[in-house]
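Read off the chains here:
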Amino acid sequence: MRRFVYCKVVLTTSLVWVLVDVFLLLYFSECNKCDDRKDRSLLPALRAVISRSHEGPGEMGKAVNIPKDDQEKMKELFKINQFNLMASDMIALNRSLPDVRLDGCKTKVYPDDLPNTSIVIVFHNEAWSTLLRTVHSVINLDDASERDFLKKKLENYARTLEVPVRILRMEQRSGLIRARLRGAAATKGQVITFLDAHCECTVGWLEPLLARIKEDRTAVVCPIIDVISDETFEYMAGSDMTYGGFNWKLNFRWYPVPQREMDRRKGDRTLPVRTPTMAGGLFSIDKTYFEEIGSYDPGMDIWGGENLEMSFRIWQCGGSLEIVTCSHVGHVFRKATPYSFPGGTGQVINKNNRRLAEVWMDDFKDFFYIISPGVMRVDYGDVSSRKALREALKCKPFSWYLENIYPDSQIPRRYYSLGEVFSYTADKEIRTDDLCLDVSRLNGPVVMLKCHHMKGNQMFEYDAERLTLLHVNSNQCLDMPSEEDKMVPTLRDCNGSRSQQWLLRNMTLSI
Ligand SMILES: [Mn+2]
């Protein structure tokens, strides 16, 4: 009898502890299950807003059109943030969005013990409505904003949210890169998720990101970035068929996902896409891996180039960079930047780009230098600690990256000559960035067309002895501009004249 009572006590106390544990787990895993818990983590007042029918302006991601009478005012307000502030302010802070995921994503099951994440949102003079639409379980990091509502009012608001939100402030304008470093240092989660301050996350966006990092802690993962219109705040699904690249000017660009990457995934579009570069604003990374791999280059100013720097570094130093196609986050894309750049936009970006070119691109940095005249004059400071980092991590050369990660790059892996503007590539094209010399008719002038790598009208055979560039398709030689059009070289029958001799600089093609 006594034993029975004893057992009962043990059982009851264990049960109590189990329940306490379950409660604690649920309570402290705020962002693990953001979407399940969305309702629980919102104020009752907000919950009422959520449960009302999707009829307000912008609900379900619909466009908000401003009536004619208010157009003047709208244009005035547009200038503040370079997006339609009037429309944004009309939309609920937690408006509903469509589920834009691929069907195969909706039924995926993720492990229960996903790592938790801290979310870092850097903002500078952001609008109230866009910022708060972004905020959910967030460490909010303020880069010395000058707008009053981003001070006391924001702190008071953050306190009313049932999720822990911390607001850190930089004493002076330090830029995205240094602000993110500060935010990252303050995080407590196993994973750091960076977001811009004008985003909207959609259902199920976080789990696939965290699940991928749980599988491989060296995977750095980005959601698909959906487009929130800067004019109407309409929510438009982004494509899972584009990935990140860059051109000779080191501008980030979206390009179609190549066939080799579709093949690697056996055609399953719900699997992560290995992307050569990331757009920069939105990604998740294991916190300890972020530190190991050298976080950000603290020598970079304000904004620009940090996304490519990180992309090259991750790939060259043994990690991977992926777009998790089951995760969708919206972002307001703007046509112009509303931010001031101390020292001038061009100057800042050129400096940052030089830093990343010098540290990561080896000889291929020359492609950037020849297409950006003037950039050589920009002082890029001291990069010795970043070079030491590359050394310490035993990172691979840039040629490996071009060969294995980005063979479809605008920068040719192999080239015979790199002149002042053009390079003569191993594919026998004469190209600058993604444009190739192209001739489509006999005795015709050359034009610049997008490189198609199909040889054809873009193939020139260089004869290093006679110094001629033979257009193989027409069997004619590249000649000086004609009398009529003095700007554009043309094709003519090969005649051995001086006007058909071309000296290629830095030639590596043997005679
Ligand atoms: Mn942004």
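Procedures and definitions
Within any chain, residue numbers begin from 1 and follow the written order of that chain's sequence. Local features in this predicted model are restricted to residues of pLDDT 70 or higher, and side-chain atom pairs are both shown and tallied only at a pLDDT of 80 or more, whereas totals for entire chains, interfaces and linings draw on every residue. Hydrogens and waters are ignored; side-chain quantities use all the structure's heavy atoms. UniProt positions are given in the numbering used here, feature names are shortened, and annotations may be inferred rather than shown by experiment. Definition used for salt bridges: Asp or Glu carboxyl oxygen within 4 Å of a side-chain nitrogen of Lys or Arg. Secondary structure elements follow DSSP: runs of H or I no shorter than four residues count as helices, runs of E no shorter than two count as strands, and numbering proceeds from the N terminus. Categorising residues by exposure relies on relative accessible area from a 1.4 Å probe, with only protein chains included: less than 20% of the type maximum marks a residue as buried, more than 50% marks it as exposed, and the intermediate range marks it as partly exposed. Strands are treated as partners if at least two bridges between them are detected by DSSP. As a rule, the C-alpha atoms of each element are fitted with a line to give its axis, helices using only the stretch in contact, and angles between N-to-C directions run from 0 to 180 degrees. Cavities and pockets are found on a 1 Å grid laid over the protein atoms alone: a cavity is a set of points where a 1.4 Å probe fits but cannot escape, a pocket is an open set with protein on both sides within 12 Å along at least five of seven lines, and a lining residue has an atom within 4 Å of such a point. Grid points are joined across faces, edges and corners, and a volume is the space filled by probe spheres set on the points. In this classification, the charged set is Asp, Glu, Lys and Arg, the nonpolar set is Ala, Val, Leu, Ile, Met, Phe, Trp, Tyr, Cys and Pro, and all remaining amino acids, among them Gly, are polar. Where each domain begins and ends is defined by an automated method or by a domain database. Two residues qualify as a contact provided that any one of their heavy atoms is within 4.5 Å of a heavy atom in the partner residue. The rule for a disulfide is simple: a pair of cysteine sulfur atoms within 2.5 Å.

The protein chain is annotated in an unreviewed UniProt entry as Polypeptide N-acetylgalactosaminyltransferase from Anabas testudineus. The protein chain has a UniProt comment under Sequence similarities (unreviewed entry) that states "Belongs to the glycosyltransferase 2 family. GalNAc-T subfamily."

Caption draft 1: Quick peek at the pattern of salt bridges. One pass over the full model with this rule turns up 32 salt bridges. Lys79 is the salt-bridge partner of Glu76, the closest N and O atoms lying 3.3 Å from each other. Of this pair, Glu76 and Lys79 are both found in helix H4 (residues 71-81), three residues apart, which corresponds to roughly one turn of the helix. Accessibility expressed as a relative area gives 55% for Lys79, which makes it exposed. Its salt-bridge partner being Lys152, residue Glu155 comes within 3.8 Å of it at the nearest N-O pair. Linking Glu155 with Lys152, this pair stays in helix H8 (residues 152-160), spanning three residues, or about one helical turn. Given a relative accessible area of 26%, Glu155 falls into the partly exposed group.

Caption draft 2: Inspection of the sheet that holds strand E17 (residues 447-450) at higher detail. Reading across the sheet, the five strands line up as E13-E14-E15-E16-E17 and stay open at both edges, with antiparallel pairing between neighbours. The open sheet has two free edges, formed respectively by strand E13 (415-418) and E17, since each of these has just one partner strand. The average angle at which neighbouring strand axes cross in this sheet is 35 degrees, direction not considered. Sheet topology note: the strand E16 (residues 435-438)/E17 ladder contains four bridges and is antiparallel. The residue bridging Leu435 from the neighbouring strand is Lys450, located in E17.

Caption draft 3: The arrangement of the layout of surface pockets in detail. Counted as a void, the largest pocket has a volume near 1200 Å³. Lining the largest pocket are 48 residues, and of these Asp196, Ala279, Trp303, Glu306 and His331 sit closest to its centre. Mapped onto the lining of the largest pocket, the elements with two or more residues apiece are strand E1 (117-123), helix H9 (175-186), strand E9 (252-256), helix H13 (306-316), strand E12 (320-332) and helix H14 (345-360). The element that contributes the greatest number of residues to the lining of the largest pocket is H14, accounting for five residues. In terms of residue class, the lining of the largest pocket is built from 22 nonpolar, 16 polar and ten charged. Each of domain 1 (90-332) and domain 2 (350-405) contributes no fewer than three residues to the lining of the largest pocket.

Caption draft 4: Quick look at the environment of Ile323. For Ile323, the position within the fold is in strand E12. Spatially, the C-alpha atoms of Ile323 and Ile224 are 6.4 Å apart, while their sequence positions differ by 99 residues. Setting aside residues no more than four positions away along its own chain, Ile323 makes contact with Cys222, Pro223, Ile224, Thr242, Tyr243, Trp254, Pro272, Val273 and Thr275.

Caption draft 5: Representation of the state of the cysteines. With the rule as written, the count across this model stands at four disulfides. What pairs with Cys105 in a disulfide is Cys326, and their sulfur atoms sit 2.0 Å apart. Residues Cys105 and Cys326 share a disulfide whose torsion about the S-S bond is about -80 degrees; that sign makes it left-handed. Placement of Cys105 in helix H6 (residues 103-106) and of Cys326 in strand E12 is noted, with a sequence separation of 221 residues between them. What pairs with Cys436 in a disulfide is Cys451, and their sulfur atoms sit 2.1 Å apart. Judged by the sign of its S-S torsion, about 100 degrees, the bond between Cys436 and Cys451 is right-handed. Taken together, the positions of Cys436 in strand E16 and Cys451 in the loop between E17 and strand E18 (460-463) put the pair 15 residues apart, joining distant regions of the chain. Across the pair, Cys451 and Cys436 agree in class, each one buried. Numbered by position along the chain, the disulfide-linked cysteines of the protein chain connect as 1-3, 2-4, 5-6, 7-8.

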